[in-house]
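Structural overview for review
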There are 2 protein chains.
Amino acid sequence: MRIGIDLGGTNIAAGLVDENMNILCKGSVPTLAERPFEDIVKDMGMLVLDLCKKMEVEPFGLTSVGIGAPGTPAKEKGEILFSNNLNWHNAPLVKELQKYVPVPVKLDNDANAAALGEVLAGAARGSDSCILVTLGTGVGGGIILDGKVYDGINHAGAEVGHTVLVSGGEPCSCGRRGCWESYASATALIRMGHAACAAHPDSHLAEVKKENGKLNGYLIFKASEEGCEAAKQVIDQYLFYVAEGITNLVNIFQPASVVIGGGICAQGERILGPIRSHVTGNVFCKQVSLPEIRCAELGNDAGIIGAAFL
Amino acid sequence: MRIGIDLGGTNIAAGLVDENMNILCKGSVPTLAERPFEDIVKDMGMLVLDLCKKMEVEPFGLTSVGIGAPGTPAKEKGEILFSNNLNWHNAPLVKELQKYVPVPVKLDNDANAAALGEVLAGAARGSDSCILVTLGTGVGGGIILDGKVYDGINHAGAEVGHTVLVSGGEPCSCGRRGCWESYASATALIRMGHAACAAHPDSHLAEVKKENGKLNGYLIFKASEEGCEAAKQVIDQYLFYVAEGITNLVNIFQPASVVIGGGICAQGERILGPIRSHVTGNVFCKQVSLPEIRCAELGNDAGIIGAAFL
């Protein structure tokens, strides 16, 4: 029995996970990220002890507790070197949680934990190697090679969203221009949607925007399905960029699986079809069998399961 | 004692290598790539036996013979699945060479072998992880992780040159547009040089082109050093693209070393300075120590040494 914690900017979610990667019990509390570090970690500790109590598991009997946290971990030290979301610098997360938890505490980046979760129990089950790309506010990445998280000498790798695809293009939060994140994130899709509304003020998409007072990825996909040509062009353009970045990753890694995470997963084959077709047609070596490309299956549970098995 | 063979489109080079990664004796013969496969492999076999004879080494006493070959290897089968340069399809290279060589024959892609050579005995000595990018006619890649060649489930990975950097840009030999190869290869540098001559027909660079009847990378660097503003702009632009691609690779891999190979290595600090500075300023995580960025040290010997230790 293990516990995995998915520490997010909004919520702390944790789950008791058995050795078959089933989540037996889950709980969550708000992060309230502006609180002192110690208070947040105390709540993480309480969440662990609550889960144990609820499921009548002796905390000493846990194999381990793992944390998937946003930011760059200094794993050897058990610290978060830097987290934008939580505004933490050199935060001794493992040491602090160890005050409440009597078993080994392990730490990794949240995207890496989610990738491991999908490999262990989700869309990439049975894959020895997998790249998880999460298309959300930004584009996150998790790399699993040989069944283990790969993140480079300083644990700062796997930033697949921060690879320039459109040289000199849109400014990215990282300071560069034209990063994949600026073209393949949900944020980018919405930006493209707004641009289409401005260019086609009489389109159905522009009406949808007016009715809803805003646009989101779901509304743009829906408008496209309802026959709106402007929305369809946005989706085509967006999926082109998503697929170009995935083709790049396939040419580099040729992993057993590529898993796409984020809210866009709800679109299933609507996105997988065009992406698979683009990758097949554009990959460098066309004489080999290609990676499986799938949508993530576990949603937020991926991070919990992955963290439990760090 | 081992023998490494670097099979190129023009020459077959081989070397007898000791366990300290010193090349004790080298030899080479022309590939004459249009010959039948069997004839080429026979010459490889003769080269191995010649080296043994010359150095008074019993062929049976070799630990192994390794081949770095262009194209995509099917390592498990000991075949070259596909090689553009040699026009080979499913060529049973290991089996054929085994007719002449009485010890185990190993096979990998030439870029992978060169990367392994630089890690074992060259610019990345002591690095556990290394990305080798060779800026030549194209842009080749070799990835070493955990001291071993990484090339994905089908050995077709590590094609770092075929990652789009300039979406919709120059057509690439692989069929896509805007691949890094089309902006960071020596071929791309020369293309940029020609464009600069056309745009600035009165420049020193244009004179150099006229005098020499052509342009090459060396001439463009030389014209820049001689104060030609047009040539300097070409070099700046070219190094920007090289550095953008390397920054992408650092954000993905954070390897211990990045090694730059190809004729451009002769420029040493002239290229390393701007590249290092660009990577440092543009990498995603600025709170960590970054990979060493160096020029390759072993030249063509890298492929021989790496092949010997496959």
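The sections below set out a description of the structure shown in this document. Fair warning: this is a prediction, and the values are worked out from it, not measured in the lab.

1. Quick look at helix α3 (residues 110–121) of chain B
Residue and element names in this part refer to chain B. Helix length check: α3, at twelve residues, gives a terminal C-alpha distance of 16 Å against a target of 16 Å (1.5 Å per residue), a fit within 8%. Burial runs high along α3: ten of the twelve residues are buried. One side-chain oxygen at the N-terminal end of α3 lies 2.8 Å from the backbone nitrogen of Ala111; it belongs to Asn109.

2. As for the sheet that holds strand β2 (residues 11–17) of chain B
Residue and element names in this part refer to chain B. What the five strands build is an open sheet, ordered β3-β2-β1-β4-β8; its pairing is mixed. Of all the strands in the sheet, just β3 (23–30) and β8 (105–109) have a single pairing partner and so form its edges. Adjacent strand axes in the sheet meet at a mean angle of 15°, parallel and antiparallel pairs treated alike. Relative to β8, strand β4 (residues 65–69) runs parallel, the two being bridged by five bridges. Bridge assignment links Val65 to a residue of β8, and that residue is Val105. Lying on the sheet, α3 is in contact with β1 (2–7), β4 and β8; it crosses β8 at an angle near 100°. Lying on the sheet, helix α10 (residues 301–308) is in contact with β1, β2, β3 and β4; it crosses β1 at an angle near 130°.

3. Structural notes on the packing of helix α5 (residues 186–199) of chain A against helix α8 (residues 229–253) of chain A
Residue and element names in this part refer to chain A. One can describe the packing of α5 onto α8 by two numbers: an axis separation of 10 Å at closest approach and a directional angle of 145°. When the axes of α5 and α8 are compared, the crossing they make is right-handed. In this structure, α5 uses Ala186, Leu189, Met192, Gly193 and Ala196 to contact α8, whose residues at the interface are Ala230, Val234, Ile235, Gln237, Tyr238 and Tyr241.

4. Description of the side chain of Arg35(A)
Residue and element names in this part refer to chain A. For Arg35, the location among the structural elements is in the loop between β3 (23–30) and α1 (37–54). In terms of polar contacts, Arg35 uses its side chain to reach the backbone carbonyl oxygen of Thr31, at 2.9 Å. What Arg35 contacts, discounting residues up to four positions off in sequence, is Pro30, Ile40 and Asp43.

5. Points about the pattern of salt bridges
Where charged atoms from two side chains of opposite charge come close, those side chains can pair. Counted according to the given criterion, the structure contains 25 salt bridges over all chains. Among the salt bridges present, the one from Glu292(A) reaches Arg294(A), with a minimum N-O distance of 3.5 Å. For Arg191(B), the salt bridge goes to Glu170(B), with nearest N and O atoms at 3.9 Å. Placement of Arg191(B) in helix α5 (residues 186–199) and of Glu170(B) in the loop between β11 (148–149) and α4 (181–184) is noted, with a sequence separation of 21 residues between them. Note on Arg191(B): relative accessible area 28%, which makes it partly exposed. With relative accessibility at 31%, the residue Glu170(B) sits in the partly exposed group. Put simply, Lys75(A), Asp108(A) and Asp151(A) are held in one network by salt bridges that share partners.

6. Quick look at the packing of helix α3 (residues 110–121) of chain A against helix α10 (residues 301–308) of chain A
Residue and element names in this part refer to chain A. As a packed pair, α3 and α10 sit with axes 6 Å apart at the nearest point and diverge in direction by 85°. Regarding the angle of α3 to α10, the classification is roughly perpendicular. Contacts from Ala113, Ala114, Leu116, Gly117, Glu118 and Ala121 in α3 reach Ala302, Gly303, Ile305, Gly306 and Ala307 in α10. Tallied by class, residues from the contact of α3 with α10 come to seven nonpolar, three polar and one charged.

7. Here's the deal with the interface of chain A and chain B
Taken together, the contact pairs 43 residues of chain A with 43 residues of chain B. A per-residue breakdown of the area chain A buries against chain B is headed by Arg176(A), Ile252(A) and Phe284(A), which together make up 18% of the total. Note that Glu244(B) is salt-bridged to Arg176(A), the shortest N-O span being 3.0 Å. At the junction of chain A and chain B, the tally comes to 24 residue pairs in polar contact (both at pLDDT 80 or more). Of all the elements in the fold, those that place two or more residues in the side of chain A that touches chain B are β6 (79–83), β10 (139–145) and α8 of chain A. By residue number, the principal contributor to the side of chain A that touches chain B is α8(A), which donates nine residues.

8. Focus: the sheet that holds β11(B)
Residues and elements named next belong to chain B. Taken together, five strands build an open sheet; the order of strands is β11-β10-β9-β12-β13 and the sheet is mixed. One side of each edge strand has no neighbouring strand; the edge strands of this open sheet are β11 and β13 (292–295). By the bridge criterion, four bridges tie strand β12 (residues 257–261) to β13 in an arrangement that is parallel. Bridging across to β13, Val259 finds its partner in Arg294. Strands in contact with helix α8 (residues 229–253) are β9 (130–135), β10 (139–145), β12 and β13; relative to β9, the strand with the most contacts, it is inclined by about 160°. Relative to the sheet, helix α9 (residues 269–282) contacts β12 and β13, its axis offset from that of β13 by approximately 160°.

9. Description of the pairing of strand β6 (residues 79–83) of chain B
Residues and elements named next belong to chain B. Judged by how many residues are buried, β6 sits mostly within the fold: four of five residues are covered. Across three bridges, the pairing between strand β5 (residues 72–74) and β6 is antiparallel. Bridged to Ala74 within β6 is Glu79. Hairpin geometry of β5 and β6 is characterised by an intervening segment of four residues between the two adjacent antiparallel strands and by a positive phi of about 70° at Gly78. Where β6 lies against strand β7 (residues 88–91), three bridges are found, and the strand directions are antiparallel. Across the sheet, Phe82 pairs through a bridge with His89, a residue of β7. Remark: four residues form the turn of the hairpin made by β6 and β7, two consecutive strands paired antiparallel; Asn87 in that turn has positive phi of roughly 55°.

10. Let's talk about the packing of aromatic side chains
All told, the structure shown has nine aromatic pairs over all chains when counted by the stated rule. Taking 4.8 Å as the distance between ring centres and 55° as the angle between the ring planes, the aromatic pair formed by Tyr183(A) and Tyr241(A) counts as tilted. Of the two residues, Tyr183(A) is situated in helix α4 (residues 181–184) and Tyr241(A) in helix α8; the sequence distance between them amounts to 58 residues. Of the two residues, Tyr183(A) and Tyr241(A), both sit in the buried class. Three or more aromatic residues joined by ring pairs form one cluster here, namely Tyr150(A), Phe253(A), Tyr150(B) and Phe253(B). The aromatic ring of Tyr183(B) is capped on one face by Arg191(B), whose charged end is 5.4 Å from the ring centroid.

Conventions adopted
By convention here, each chain's residues receive numbers from 1 onward along its written sequence. All chains are assigned letters beginning with A, and all ligands numbers beginning with 1, in the order in which they are written. Local features in this predicted model are restricted to residues whose pLDDT is 70 or higher, and side-chain atom pairs enter the listing and the counts only when it is 80 or higher, whereas totals over whole chains, interfaces and linings include all residues. Where side-chain values are given, they derive from all heavy atoms of the structure, hydrogens and water being excluded. Only DSSP runs of H or I with at least four residues qualify as helices, and only runs of E with at least two residues qualify as strands; both kinds are numbered from the N terminus onward. Each helix should span, by expectation, one fewer than its residue count multiplied by 1.5 Å. Classification of residues uses two cut-offs on accessible area relative to the type maximum, computed with a 1.4 Å probe and protein chains only: under 20% is buried, over 50% is exposed, and between them is partly exposed. In protein, a polar contact means a hydrogen-donor-capable atom and an acceptor-capable atom, both N or O and within 3.5 Å, with residues adjacent in sequence counting only if both atoms are side-chain atoms; elsewhere, any N or O pair within 3.5 Å suffices. Strand pairing is defined by DSSP finding a minimum of two bridges between the two strands. An axis is simply a line fitted to the C-alpha atoms; with a helix, the fit covers only the stretch in contact. Between two such axes, the angle follows the N-to-C directions and lies from 0 to 180 degrees. The contact criterion used is simple: two residues touch if any of their non-hydrogen atoms lie within 4.5 Å. Handedness of a helix crossing follows the sense of rotation of the near helix relative to the far helix, less than a right angle counterclockwise being left-handed and clockwise being right-handed. Here, a salt bridge means any Lys or Arg side-chain nitrogen found within 4 Å of an Asp or Glu carboxyl oxygen. An angle below 35 degrees is read as roughly parallel, one above 145 as roughly antiparallel, one from 65 to 115 as roughly perpendicular, and any other as oblique. Basically, the charged four are Asp, Glu, Lys and Arg, the nonpolar ten are Ala, Val, Leu, Ile, Met, Phe, Trp, Tyr, Cys and Pro, and anything else, Gly included, counts as polar. The term buried area means the drop in 1.4 Å probe accessible area that two parts suffer when joined, counted for both and summed. Here the aromatic set is Phe, Tyr and Trp, taking the six-membered ring for Trp, and pairing holds for ring centres within 6.5 Å; pairs whose planes are under 30 degrees apart are stacked, those over 60 apart are edge-to-face, and all others are tilted. As a reminder, the over-ring test applies to NZ of lysine and CZ of arginine, requiring each to be within 6 Å of the ring centre and within 35 degrees of the ring normal.

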